[in-house]
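Summary of the model geometry
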Amino acid sequence: MLIRQANDIRPSEITDRSVYLRRREFMIGAAALGFGGAAPAAAAGLKAARSSFSTDEEPTSLEAITGYCNYYEFGTGKGDPAAHAGKLTTDPWKIKVDGLVGKPGDYDFDDLVRDIDLEERIYRLRCVEAWSMVIPWIGVPLKSVLERIEPMGSARYVAFETLHRPAEMRGQKGLFQPLAWPYVEGLRLDEAMHPLTLLAVGLYGEKLPNQNGAPIRLVVPWKYGFKSIKSIVRIHLTQTQPQTTWNIAGPDEYGFYANVNPDVDHPRWSQARERRIGADGNSLFASRRPTLPFNGYADQVAGLYAGLDLKANY
Ligand SMILES: Nc1nc2c(c(=O)[nH]1)N[C@H]1C(S)=C(S)[C@@H](COP(=O)(O)O)O[C@H]1N2
Ligand SMILES: [Mo]
């Protein structure tokens, strides 16, 4: 088993994270003073100022973020993505943009994000399986990419697709397929345009590791993790609500909205509490922290759902 138990994080890793956070602050301070690129420790990484949307909670270790993953294209085990995603070719990487947009096309992924300032966003991530992490993403607001491709007035939803490439994604080979491929997800256009919605290209100051969705993935911090689709190859604007992979797999268990909601239990387990990986212990009896409505982002996003029955629209 490659994955160490979450409760055996070494003190040195905690120090690493504190150093990382101070380094980031130094960089941002330096950038403000006009020394942007001069911060030596940051020279190899992605340059990004930390967004004020960031939480000040302790980030989960890089080791846990990259070692404990859900990415079923590489297998259903938490360690499978770390073990097998290295195989994936992420350069070149094309993204098909189609549907109700003024600027459709097959884009090189860098062209879609070019000249948009990278930001660091430290977000909570709450998986529907009742565990959570804090991840220092680097990315761009999805809104700025959507504006670039010019959604038409008739567009109501944004649909996303992950790569289907069985030759490099071993979870897509063989008789037993846990999900229908390609993995697909979607958002209402207003959710997609919300300032918290991110297209991530990195984490912990470096390019995204393959197991976390290289080269580009969605991050929607107030929704269950499965909405945050990895390794995007298609962005499609539509008038009708798109199908989503986990809803196809279990319509009673996984809705289109999938807003984090401690008051709506999964049919097979409670969503009232969660286990913070690396912080809450790993045993069955370890303490769980309360799950917050909209994963703690209610102030920013609850207004998107005014008048919507959140129990019916889970
Ligand atoms: N293409 C694809 N995207 C995916 C998944 C997946 O299996 N395939 N898993 C989802 C789930 S369930 C979660 S919790 C998050 C996990 O992201 P992380 O492994 O980077 O923490 O990715 C989401 N995006
Ligand atoms: Mo998840």
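Let me sum up the structure you'll find in this document. (Residues numbered from 1 in each chain as written. Chains lettered and ligands numbered in written order. Predicted model: local features only at pLDDT ≥ 70, side-chain atom pairs only at ≥ 80, totals over all residues. Heavy atoms only, no water.)

Once that is clear, we can look at the side chain of Asn259. Checked against the element boundaries, Asn259 lands in the loop between α7 (245–249) and β12 (273–276). Among the polar contacts listed, one links the side chain of Asn259 to the side chain of Tyr305, at a separation of 3.4 Å. Apart from residues no more than four positions distant in its own chain, Asn259 is found in contact with Trp222, Lys223, Tyr224, Phe294, Tyr305 and Leu310. (Helix = DSSP H or I, 4+ residues; strand = E, 2+ residues; numbered from the N terminus. Polar contact = N/O pair within 3.5 Å; in protein donor to acceptor, adjacent residues only side chain to side chain. Contact = heavy atoms within 4.5 Å.)

Here the focus is empty space enclosed by the protein. For the structure on display, the rule yields one cavity of 30 Å³ or more. Each pocket or cavity is described by its volume, and for the largest cavity that value is around 40 Å³. Lining the largest cavity, in full, are Arg124, Leu125, Arg126, Trp137, Val219, Val220, Pro221, Lys223, Tyr224, Gly225, Ser228 and Asn295. Counting residues per element, the lining of the largest cavity draws most heavily on strand β4 (residues 119–126), which supplies three residues. Across the lining of the largest cavity, the residue classes tally to six nonpolar, three polar and three charged. (1 Å grid on protein atoms, 1.4 Å probe; cavity = no way out; pocket = protein on both sides within 12 Å on 5 of 7 lines; lining within 4 Å. Points joined across faces, edges and corners; volume = space filled by probe spheres on them. Nonpolar A, V, L, I, M, F, W, Y, C, P; charged D, E, K, R; others polar.)

What follows concerns the nonpolar core. The nonpolar side chains of a soluble globular protein tend to be buried, and buried together. Core analysis: the largest hydrophobic core is formed by 78 residues, its most contacted members being Trp137 and Ile235. Per element, the largest residue contribution to this core is six residues, and it comes from strand β5 (residues 131–141). (Core = buried A, V, L, I, M, F, W, Y, C linked by side-chain atoms within 4.5 Å. Buried < 20%, exposed > 50% of the residue type's maximum accessible area, 1.4 Å probe, protein only.)

Counted by the stated rule, this structure contains 20 salt bridges. For Lys143, the salt bridge is made with Glu147, and the minimal N-O distance between the two is 2.9 Å. Of the two residues, Lys143 and Glu147 are both situated in helix α5 (residues 142–149); the distance of four residues between them amounts to about one turn of the helix. Assessed through its relative accessible area of 43%, Glu147 is described here as partly exposed. Ionic pairing is found between Arg188 and Asp190, a salt bridge with its closest N-O pair at 2.8 Å. Since its relative accessible area comes to 14%, Arg188 is described here as buried. On the basis of relative accessible area, Asp190 is assigned to the partly exposed category, the value being 35%. The structure contains a network of salt bridges with shared partners spanning Glu57, Arg124, Arg126, Glu274 and Arg276. (Salt bridge = Lys/Arg side-chain N within 4 Å of Asp/Glu carboxyl O.)

So yeah, pure geometry; function would need other evidence.
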